[in-house]
Amino acid sequence: MRRLVSVLVGLALATLLVACTPDEGNHLDAVNRFRTANGLPALTWEEGAYAKVHRWSEKMAADGRLSHSVLTQGVPAGWHVLGENVAMNPSLDGAMTALEQSPAHRANLLNPRFTKVAVGVVKAGTRYWVTEVFIG
């Protein structure tokens, strides 16, 4: 029980320290719940990559299609490993479920080498466009 309370408090604090939209904070929480449910530590927010992920979600929404960014652009120096997930869905929960069920995206979500993440979420029409950049 103490571990659960500790995890929940940590997730709440991480969300409070994030300079992002409510949808992005909710998605960050979902990423960290998934990681902790699978025995991994929660990721900390990487503010230095936030502009990149938010702009990329805006670009995908404007283009009307999923695509990947040039991963090393817009990411602060000092990283050793990077990963990126992108998704589009009518709901944020649906986007998260799709990422969890895709082997390549699941591998990024559960990579123990990643310690930080930035999440960009844009709602355009009836779709949510999501970009996650993982940093280790």
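Computed from a predicted structure; not experimentally measured. (Residues numbered from 1 in each chain as written. Predicted model: local features only at pLDDT ≥ 70, side-chain atom pairs only at ≥ 80, totals over all residues. Heavy atoms only, no water.)

**Student:** Which parts of the structure should I look at to understand the overall build of the protein chain?
**Tutor:** On a plain count of helices and strands, the protein chain comes out with 5 helices and 4 strands. For the protein chain, the sequential pattern of α-helices and β-strands runs α-α-β-α-β-α-α-β-β. Within the protein chain, the fraction of its 136 residues that count as buried is 48%. For the protein chain, long-range pairs separated by at least 24 residues make up 66% of all intrachain contacts whose partners lie at least 6 apart in sequence. Carbon and sulfur atoms provide 58% of the accessible area of the protein chain, an area that totals close to 7,000 Å². (Helix = DSSP H or I, 4+ residues; strand = E, 2+ residues; numbered from the N terminus. Buried < 20%, exposed > 50% of the residue type's maximum accessible area, 1.4 Å probe, protein only. Contact = heavy atoms within 4.5 Å. Areas by Shrake-Rupley, 256 points an atom, 1.4 Å probe, with all protein chains shown as cover.)

**Student:** Looking at this structure, how should I read the sheet that holds strand E3 (residues 116-124)?
**Tutor:** Backbone hydrogen bonds hold the strands of a sheet together, and the pairing may be parallel or antiparallel. Ordered in space as E1-E3-E4-E2, the 4 strands form an open sheet in which the pairing is mixed. Two strands in the sheet have a free side with no partner beyond their single neighbour: strand E1 (44-45) and strand E2 (82-89). Pairing of E1 with E3 involves 2 bridges; the strand directions are parallel. Within E3, the position partnered with Trp45 by the bridge is Val117. Of the strands in this sheet, E1, E3 and strand E4 (127-135) touch helix H2 (residues 22-37), which is tilted by about 135° from E3. On the sheet, helix H3 (residues 50-63) packs against E1, E2, E3 and E4 and is oriented at approximately 30° with respect to E3. (Pairing = 2+ DSSP bridges. Axes fitted to C-alpha atoms, helices over the stretch in contact; angles between N-to-C directions.)

**Student:** Before we go on, may I ask you to explain the packing of H2 against helix H4 (residues 92-101) in this structure?
**Tutor:** The angle between the axes and the distance between the axes are what describe a pair of packed helices. It is at 11 Å that the axes of H2 and H4 come closest, and there the two elements cross at 35°. Relative to H4, H2 is oriented so that their crossing is right-handed. Between H2, through Asp23, His27, Ala30, Val31 and Phe34, and H4, the contact on the second element is made entirely by Leu92, Met96, Leu99 and Glu100. Per-class residue counts for the contact of H2 with H4 are 6 nonpolar, 1 polar and 2 charged. (Left-handed = near helix turned anticlockwise from the far one by under 90°. Nonpolar A, V, L, I, M, F, W, Y, C, P; charged D, E, K, R; others polar.)

**Student:** Any chance you could explain the side chain of Lys52 here in plain terms?
**Tutor:** By the element assignment, Lys52 lies in helix H3. Although Lys52 is buried, it forms no salt bridge, and the closest oppositely charged side chain is Glu84 at an N-O distance of 4.8 Å. A distance of 3.4 Å separates the side chain of Lys52 from the backbone oxygen of Leu71, its partner in a polar contact. Not counting residues up to four positions away in its chain, the partners in contact with Lys52 are Ser69, Val70, Leu71, Gln73, Gly74, Val75, Glu84 and Val133. (Lys, Arg positive; Asp, Glu negative; His and termini not counted. Salt bridge = Lys/Arg side-chain N within 4 Å of Asp/Glu carboxyl O. Polar contact = N/O pair within 3.5 Å; in protein donor to acceptor, adjacent residues only side chain to side chain.)

**Student:** Would you mind showing me how to read the pairing of E2 here?
**Tutor:** In terms of burial, E2 is largely enclosed, as 7 of its 8 residues are buried. Strand direction decides the pairing type here: E2 and E4, joined by 8 bridges, are antiparallel. The partner of Leu82 across the bridge, within E4, is Ile135.

**Student:** When you look at the nonpolar core in this model, what are you seeing that I'm missing?
**Tutor:** The nonpolar side chains of a soluble globular protein tend to be buried with one another. Within the largest apolar cluster, 30 residues are counted, with the highest numbers of intra-cluster contacts made by Leu109 and Phe134. At the level of secondary structure, the elements contributing two or more residues to this core comprise H2, H3, E2, H4, E3 and E4. If one sorts the elements of this core by residue count, E4 sits on top with 5 residues. Once you skip the residues sitting within four places of it in the chain, Leu109 turns out to touch Val31, Phe34, Arg35, Asn85, Met96, Leu99, Glu100, Glu132 and Phe134. (Core = buried A, V, L, I, M, F, W, Y, C linked by side-chain atoms within 4.5 Å.)

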